[in-house]
Amino acid sequence: MVSCLVTNASLTHRGAVLLGKHVACDAFDECKPLRVVSHAHADHMVGLKQSLATCEKVLMTKATKDLIDVLRGPSLLMKGIVETMDYGKTIQHEDERLTFFKADHILGASQVLVEDSEGKRIVFTGDFKIDGTPVLDADVLVMEATYGSPRCTRSFETNPENLLISLIEKGLKDGPVNVFGYHGKLQEIMQIVYDAGVRAPLLMSERIFHVSKVCESHGMRLGSLFLTDEREAEEILQRNSSCIVFHHMNSRGSLADDGFRIYVSGWEFNSPCREISDKEYVVALSDHSDFDGLTEYVRRSKPKLVITDNYRVGHAETFAKQVYTRFGISAVALPKR
Ligand SMILES: [Zn+2]
């Protein structure tokens, strides 16, 4: 392992990913004039209020801005100067250039490239799934390491999406199917269901509904959406008719009825679908790369130094060791614990 002291990238104890001289991603840092929000998950919006109050600019994609407006209320982002970035568009700040690239994670998610005055390429992947994410050449690569342990591989023979559809179809024969997941993932599931030709009504709380509407406005096709407290939705539930009810994962303990339930989680590695009971299943669908996806990114990006995100949940220290062992590339997990 090498020390990371002489570098143009770092990760602070408050979770800020520092790139070059001017940029702090995903948490507040008082020294950096530009704040980036890589995507609209809570652990990447750390200290956003402070950034809005003090930074020169806060940068994010238009989709991320729209999601934050519905998740946090429209007044939050009015408290500072927010500039929306298209993928591939470069802005110059003094002697450095900053460009966003797509990350396949939730709607609007970005990777961030900073090119310094010497042409060094400093890349932050944000959260990503390798399949739909362009791999960027990097000199310094800062990356997520959620599934950074070799134990976290999902090499299933059966596609979890197909299993999810089969389970939903099975549950719909007897009435409502409850699906639990996080914002972004829930909408991805709605799209998978729609693309598979399943046309049951989709019921959801107000917050999930608004996030879904943002996803639709950015081109996702989700199907027929209903608020659970609308009369039509109440009637569907009273009749025990076929429908899919979407819930935030955090509400899994508070649902009273004992109907058909599917939990969607990335933390499943042994099988694409685990049966808890005859009406309760966990399906292994993730919007993060597994261990093989993370190593694949490093291999193709060819960095000279890798910094793994040790602030957010995951296996940053293990992954840094793996990068050094497998590729001989210097790697460090930051912040140090
Ligand atoms: Zn995320």
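Residues numbered from 1 in each chain as written. Predicted model: local features only at pLDDT ≥ 70, side-chain atom pairs only at ≥ 80, totals over all residues. Heavy atoms only, no water.

A.B. asks: Any chance you could explain the nonpolar core here in plain terms?
C.D. replies: The nonpolar side chains of a soluble globular protein tend to be buried with one another. In this structure, Leu48, Ile68, Met190, Ile244, Phe246 and Ile262 are the most contacted members of the largest nonpolar core, which totals 48 residues. Discounting chain neighbours no more than four positions away, the residues touching Met190 are Leu202, Met204, Ile208, Ser212, Leu222, Leu225 and Phe246. One finds Leu136, Ala138, Leu141 and Val306 within the second-largest nonpolar core, a separate group that totals 24 residues. (Core = buried A, V, L, I, M, F, W, Y, C linked by side-chain atoms within 4.5 Å. Buried < 20%, exposed > 50% of the residue type's maximum accessible area, 1.4 Å probe, protein only. Contact = heavy atoms within 4.5 Å.)

A.B. asks: Even after reading the chapter, I still don't get the sheet that holds strand S19 (residues 305-309), so can you show me in this structure?
C.D. replies: Note on sheets: strands pair through backbone hydrogen bonds, and any given pair is parallel or antiparallel. Read across the sheet, seven strands follow the order S7-S8-S9-S10-S11-S19-S20 without closing on themselves; strand pairing throughout is mixed. Of all strands in the sheet, those bounded by a partner on one side alone are strand S7 (90-93) and strand S20 (330-334). Strand-to-strand twist across the sheet, computed as the mean angle between neighbouring axes with direction ignored, equals 20°. Note that S7 and strand S8 (residues 96-102) share four bridges and pair antiparallel. Pairing of Thr90 across the sheet is with Thr99, part of S8. The strands that helix H7 (residues 291-301) touches are strand S9 (110-115), strand S10 (121-124), strand S11 (140-143) and S19; relative to S11, the one it contacts most, it runs at about 165°. Contacts between helix H8 (residues 316-327) and the sheet are confined to S11, S19 and S20, with S20 contributing the most and set at about 175° to the helix. (Pairing = 2+ DSSP bridges. Helix = DSSP H or I, 4+ residues; strand = E, 2+ residues; numbered from the N terminus. Axes fitted to C-alpha atoms, helices over the stretch in contact; angles between N-to-C directions.)

A.B. asks: When you look at the pairing of S10 in this model, what are you seeing that I'm missing?
C.D. replies: Regular strands place their side chains on alternate faces of the sheet. Here S9 pairs with S10 via four bridges, running antiparallel. Paired with Glu115 across the two strands is Arg121, which belongs to S10. Counting the residues between successive antiparallel strands, the hairpin from S9 to S10 contains five residues, one of them, Gly119, with a positive phi of roughly 85°.

A.B. asks: What should I look at first to understand the state of the cysteines in this one?
C.D. replies: Here a disulfide denotes one covalent bond, and it connects the sulfur atoms of two cysteines. On inspection of all chains with the given rule, the structure shows zero disulfides. Free of any disulfide, Cys31 has its nearest neighbouring cysteine sulfur in Cys55, separated by 10 Å. Given a relative accessible area of 60%, Cys31 falls into the exposed group. (Disulfide = S-S within 2.5 Å.)

A.B. asks: Could you clarify how one ought to interpret the packing of helix H3 (residues 160-172) against helix H4 (residues 185-195) in this entry?
C.D. replies: Geometrically, a packed helix pair is captured by the angle between its two axes and the distance between the axes. Where H3 meets H4, the axes come as close as 10 Å, and the angle between the chain directions of the two elements is 75°. The angle between H3 and H4 places the two elements in the roughly perpendicular class. Here Glu161, Leu164, Ile165 and Ile168 of H3 lie close against H4, whose contacting residues are Ile189, Ile192 and Val193. Of the residues in the contact of H3 with H4, the class split is six nonpolar, no polar and one charged. (Parallel < 35°, antiparallel > 145°, perpendicular 65-115°, else oblique. Nonpolar A, V, L, I, M, F, W, Y, C, P; charged D, E, K, R; others polar.)

A.B. asks: Just checking my understanding: could you explain the sheet that holds strand S18 (residues 280-283) for this structure?
C.D. replies: The seven strands are arranged S14-S13-S15-S12-S16-S18-S17 in an open sheet whose pairing can be described as mixed. Looking at the sheet topology across the chains shown, the edges are occupied by strand S14 (225-227) and strand S17 (273-277). Pairwise comparison of adjacent strand axes, ignoring direction, gives a mean angle of 25° for this sheet. With three bridges joining them, strand S13 (residues 202-204) and S14 adopt parallel strand pairing. If you follow Met204 over to S14, its bridge partner there is Leu227. Where H3 meets the sheet, its contacts fall on strand S12 (176-181), strand S15 (243-248), strand S16 (260-264), S17 and S18, and the angle it forms with S16 comes to roughly 165°.

A.B. asks: When you look at the coordination of the zinc ion in this model, what are you seeing that I'm missing?
C.D. replies: In a perfect tetrahedron of four donors around a metal, the angles come out at 109.5 degrees. In a perfect octahedron of six, they are 90 or 180 degrees. Taken together, His39 (NE2), His41 (ND1), His105 (NE2) and Asp127 (OD) make up the full set of protein donors to the zinc ion, lying 2.1 to 2.3 Å away. For the zinc ion, the four donor atoms in the first shell make angles of 90 to 167° at the metal, so the coordination geometry reads as irregular. Each donor residue of the zinc ion belongs to the same chain, and together they define the spacing H-x1-H-x63-H-x21-D. Highlighted residues: His105 in the loop between S8 and S9 and Asp127 in the loop between S10 and S11, separated in sequence by 22 residues. No difference in accessibility class separates His105 from Asp127, as the two residues are buried. (Donors = N, O, S within 2.8 Å, 3.2 Å for Na, K, Ca; no water. Tetrahedral: all angles 85-135°; square planar, octahedral: opposite > 155°, others 65-115°.)

A.B. asks: Teacher, can you tell me more about empty space enclosed by the protein here?
C.D. replies: Unoccupied space between atoms shows up once a probe the size of one water molecule is rolled over them. Counted according to the given criterion, the structure contains one cavity of 30 Å³ or more. Considering only enclosed or pocket space, the largest cavity measures out at about 40 Å³ in volume. As for the largest cavity, its lining consists of Leu67, Leu71, Ile106, Leu107, His183, Gly184, Val211 and Cys215. Of all the elements in the fold, those that place two or more residues in the lining of the largest cavity are helix H2 (62-72) and helix H5 (206-217). Partitioning the lining of the largest cavity into residue classes produces six nonpolar, two polar and no charged. (1 Å grid on protein atoms, 1.4 Å probe; cavity = no way out; pocket = protein on both sides within 12 Å on 5 of 7 lines; lining within 4 Å. Points joined across faces, edges and corners; volume = space filled by probe spheres on them.)

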